[in-house]
Amino acid sequence: MTVERTRFYQVGSWAAGNRLLDPESASVQADPHRANALTCGHRACQGCGEALAARWVLDTAMRATGGQMVVVNATGCLEVFSTPYPESSWQVPWLHSLFGNAPAVAAGVAAALSAQGRTDVRVIAQAGDGGTVDIGMGCLSGMFERGDDVLFVCYDNEAYMNTGVQRSAATPPWARTTTTPVAGEALGNRYGQGKDLPRIAMAHRIPYVATATVADLRDLEAKVTAAMSIHGARYLHVLVPCPLGWATTASDTIHVARLATQSGLFPVFEARDGAVTDVTKIRHRAATADYLRAQGRYAHLFTPEPRTEVLDAIEAVAQRNISEYGLVDDVEEAAP
Amino acid sequence: MTTDLPFAITLDVGTSLANKTGTWRTQLPVYVSRRPPCATACPAGEDPQKWLYQAEDGDYETAWRTIMAVNPFPAVIGRVCFHPCQTSCNRAQLDEAVGINSVERFIGDEALRRGWTMPVAVSTGRRVLVIGAGPAGMTAAYQLARLGHTVVVKESAPHAGGMLTYGIPRYRLPRDIVDAEIARIAAMGVTIELDSPVEDLAAELREGGWDAAFLAVGAQLGKRTDIPAGDSVRILDAIAMLHSVADDLPPLLGRRVVVYGGGDTAMDAARTARRIGATDATIVYRRTRDRMPAHPVELDEAEAEGVTVRWLSTISQVDADRIVMERMRLDDAGKPQPTGEYETLTADAVVLAIGQDTDLTLLDAVSDVNKTDGMVGVDQDFATGHRGLWAGGDIVADQHTVTAAIGHGTRAATAIHAYLGGSTGRPSVDDRAPADFGSLSTWYYSDAPASVRPQLEAARRVETFDEVVAGLTTETALYEARRCMSCGNCFECDSCYSVCPDNAVIKLGPGLKYAIDPDYCKGCGLCAAECPAGAIEMRPENS
């Protein structure tokens, strides 16, 4: 999705707003009357990327739907930290059932609303990567295949953080988790490449699939707005760094997400009806090693000595993404 | 307990607002103001970031008043300053420095066009004498008049402005701009007495009934050097030459002119020589380009106009139609050393631009003023050893630029005001921590080039004394002002408000900025890390 950047102000629209920007051009998050769908007092860790992304996504959806929406939440960090009984941080109609069935519950809510003739109320389902790529995978595929009128949002922090940083099928290779420790010859996660769920969603030929991160608010808001303007099964995959599981500094959450996109390791794109239609280009190319070095879960790739063969393999992944998605403009690359 | 709750539910739904997560915190974000590098660098004491912020929404008058608090010559400075603010600008490390100087010029011109004036305080009845109507003297006069003192400026020349009028060529600084900014000061009640040299300051102070005086007579004499010269050669000094041109009495230099020296005056002399008829203007300088004291922009513009430079050369002999130059080499210490190799260059005239001297004979009878190497000794407030006498501008040891002179004038005036009982102390010192490049989150600033001031074609410049560098338009000035990254100071971009995962930043509304909600801030530091301007600092909770 090409976001219109205002290039006139100090920060243009790379920042949320500006005192000189007319309110129409400011982001939803700059609005003093934003919904704050996930409000204060939740128990997410300091610097939680998932809590941040959830508010960004749902506040945008609230604006897009005029506040007429229902949220279905899978089990996971997001559910646990927001709703310790009997408290709730949600300022939207919100429903939780089980870990694996959020897509099915959301499909049911959509069907019920349809049966009641409530075409004005929209449904969003949300889950972490575990609830999406592992446990909820079957239900989600079914939801896609039936074309249920639901936007499913995956907040991907690349492991089961709530239960103690266990590996998921979204954990990248060589990342250290508690179930893929660094011990002896084992250098963290030794399985494959992780499931590429955006690609799996695209294979269902659903009308809208997009990726986003907490490093680009404007892009994320534009994608949620676009998704809410379409009916049918839609999928949004948001990369959300986890200071606990990634062993990063709490204040680095956005910075690390930015390095993920700028290194090419996390391609940000938009796909319609199964084909990539727009790509967010890399703006300031970052080294993959800088992305990895910022995270304790990759510390073993640098100490006691750099594991060059692994670093090269990860760089190759970035290079493949760059060429596959066209993340770098040849012209811009040539410029000094 | 209510009985109509659903099956197996024993408590009503509550809000998480009851959970004060602020108790987790070990550090708290605090909004701070840091000192931007432009403010640190300005010899006149301006805070460009502050007035650029005011100019960003088109409020040029407020911006102008901010400048005028320290500098009564924005239109002049916007043309002739070597803008150390831009040299130090953090944006230069991102793309290009903000064109602060061009915005200041735009604001200065706008003020003249619209006739903005500064208010004058009620008269104090105190009388202050200013000697010299150059930038230092006129700045002091302006500041003292603003504070309600009666000021008389005595100027030896028939025109006010000092080096603004007689030293800086008109193609860089049009005379009407100088006159207009001086007239604005005169209109505040400052009396300027032209053709009124002070020859004996002791007598003047004794007999004039002055409560205080500020001495800023400048360095009016071109330095001479002892070069063996034959008969009928034309050797003149650059200061005298520029003075004559300013008086519309250009000296006859001939077609081939050699300028000896490597400072800005040498550039001015060579460029002026081209304009008054020289076909060849050659600068002879004893060191190399990178060691030249002239501002690189001046050199670039001179070269663009066809001025040539002979590096590593000294003039050892001047004859009627040629000079003999000796080649130099730099020793390990970077000092030029003779090589014994000579060459000749045809020349009709030689202009010496090797420095300026002061004429301090008016101080002969003032014994308690320290005069060393032609410079008047002053303290940090520009007070001399003589009670009630201050000095500034080119007669004190500092950079000898217009901008520095303005800084002297303002600081001395502040001290004089205190001396006259008007205030109790020195101007407040800007002790904010510096906002260096590393404290910014530059990702948020979109890339944009500086507005380049359209330049007249070099060929056309040589023909006339038209102003070389044209100004910004309303749109480009606004654009340029908005390129300021607001280093170290909040400009209300809503970044902190948007990136807080705990919704613990409170947006207070336009102009009111933000507050941290201590009940819910967990102290993660994302707001500080992502603040584009570096205007948030994390402080340990127990401090």
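Above: the structure in question.
Conventions adopted
Residues numbered from 1 in each chain as written. Chains lettered and ligands numbered in written order. Predicted model: local features only at pLDDT ≥ 70, side-chain atom pairs only at ≥ 80, totals over all residues. Heavy atoms only, no water. Pairing = 2+ DSSP bridges. Helix = DSSP H or I, 4+ residues; strand = E, 2+ residues; numbered from the N terminus. Axes fitted to C-alpha atoms, helices over the stretch in contact; angles between N-to-C directions. Contact = heavy atoms within 4.5 Å. Buried area = accessible area lost by both parts, 1.4 Å probe. Salt bridge = Lys/Arg side-chain N within 4 Å of Asp/Glu carboxyl O. Polar contact = N/O pair within 3.5 Å; in protein donor to acceptor, adjacent residues only side chain to side chain. Nonpolar A, V, L, I, M, F, W, Y, C, P; charged D, E, K, R; others polar. Buried < 20%, exposed > 50% of the residue type's maximum accessible area, 1.4 Å probe, protein only. Expected span 1.5 Å × (residues − 1). Core = buried A, V, L, I, M, F, W, Y, C linked by side-chain atoms within 4.5 Å.

J.: How would you summarise the sheet that holds strand β19 (residues 389-391) of chain B if you had to cite specific residues and measurements?
T.: Residues and elements named next belong to chain B. The strand order across the open sheet formed by 5 strands is β5-β4-β3-β6-β19, and the pairing between neighbours is parallel. Each edge of the open sheet carries a strand with a single partner, namely β5 (191-193) and β19. Between one strand axis and the next, the sheet turns by 20 degrees as a mean value, whatever way the strands run. Of the strand pairs in this sheet, strand β3 (residues 127-131) and strand β4 (residues 150-154) are connected by 5 bridges, and their pairing is parallel. Paired with I131 across the bridge in β4 is K154. Each of β3, β6 (212-215) and β19 touches helix α14 (residues 402-419); the most contacted strand, β6, lies at about 165 degrees to it.

J.: Residues and numbers for the interface of chain B and chain A, please.
T.: Taken together, the contact pairs 51 residues of chain B with 50 residues of chain A. For the chain B and chain A pair, buried surface summed over both sides reaches about 4500 Å², with 51% attributable to carbon and sulfur atoms. Of all residues in chain B, W443, R482 and N503 of chain B bury the most surface against chain A, accounting for 18% of the area lost on that side. Where chain B meets chain A, there are 3 salt bridges. Between E530 of chain B and R258 of chain A there is a salt bridge, with its nearest N and O atoms 2.8 Å apart. At the boundary of chain B and chain A, one finds 30 residue pairs in polar contact (both at pLDDT 80 or more). Of all the secondary structure elements, the ones that give two or more residues to the side of chain B that touches chain A are β1 (14-15), α16 (474-482), α17 (495-499) and α18 (526-530) of chain B. The class makeup of the residues in the side of chain B that touches chain A is 25 nonpolar, 12 polar and 14 charged. Examined bridge by bridge, strand β2 (residues 87-88) of chain A and β1 of chain B share 2 bridges and lie parallel to one another. Note on β1 of chain B: the bridge partner recorded for S88 of chain A is T15 of chain B.

J.: Lay out the pairing of strand β5 (residues 150-156) of chain A with the relevant residues and their values.
T.: Residues and elements named next belong to chain A. For β5, a buried count of 7 out of 7 residues is recorded, marking the element as mostly surrounded by other parts of the structure. Side-chain alternation along β5 places V150, F152, C154 and D156 on one buried face and L151, V153 and Y155 on a second face that is also buried. When strand β4 (residues 122-128) meets β5, the two strands line up parallel, connected through 6 bridges. Pairing of A125 across the sheet is with F152, part of β5. Bridge count for β5 against strand β9 (residues 234-239) is 6 bridges, and the pairing is parallel. If you follow Y155 over to β9, its bridge partner there is V238.

J.: Describe helix α12 (residues 264-275) of chain B, naming the residues involved and giving the relevant values.
T.: An α-helical segment advances 3.6 residues per turn. Residues three or four places apart therefore align on the same side. All names here are of chain B. The first and last C-alpha atoms of α12 sit 16 Å apart over 12 residues, in line with the 16 Å expected at 1.5 Å per residue. Restricting attention to buried positions, one finds in α12 the residues D264, A266, M267, D268, A269, A270, R271, T272, A273, R274 and R275. Immediately beyond the C-terminal end of α12, within one or two residues, lies G277, with a positive phi of roughly 120 degrees.

J.: Quick rundown of the nonpolar core? Include the residues and the values.
T.: I107, L201, F214, L215, L363 and W390 of chain B are the most contacted members of the largest nonpolar core, which has 90 residues in total. Those residues in contact with W390 of chain B that sit more than four places away from it in its chain are A212, A213, F214, L215, D381, F382, A383, T384, A412, A415, I416 and Y419 of chain B. Among the nonpolar cores identified, the runner-up in size contains 77 residues, and A26, C48 and A257 of chain A together with C496 of chain B belong to it.

J.: Could you give me a rundown of the sheet that holds strand β15 (residues 349-352) of chain B, with the residues and numbers involved?
T.: Residue and element names in this part refer to chain B. An order of β8-β15-β9-β10-β11 is seen for the 5 strands of this open sheet, with the pairing classed as parallel. Unpaired on one side and paired on the other, β8 (234-237) and β11 (308-310) mark the two borders of the sheet. Averaged over all pairs of adjacent strands, the angle between their axes in this sheet comes to 25 degrees, without regard to strand direction. In this fold α12 packs onto β9 (256-260), β10 (280-284) and β15, with an angle of close to 165 degrees to the strand it touches most, β10.

J.: Describe in detail unusual backbone geometry, supporting the description with residues and values.
T.: With an omega dihedral of 5 degrees, the bond running from Y85 of chain A to P86 of chain A counts as a cis peptide bond. Examined against the element boundaries, P86 of chain A turns out to sit in the loop between α2 (77-82) and β2. A cis amide bond, omega 0 degrees, links T303 of chain A with the succeeding residue P304 of chain A. Note on placement: P304 of chain A falls in the loop between α10 (288-293) and α11 (308-325). The phi angle at D195 of chain B is positive, at roughly 50 degrees, despite the residue not being glycine.

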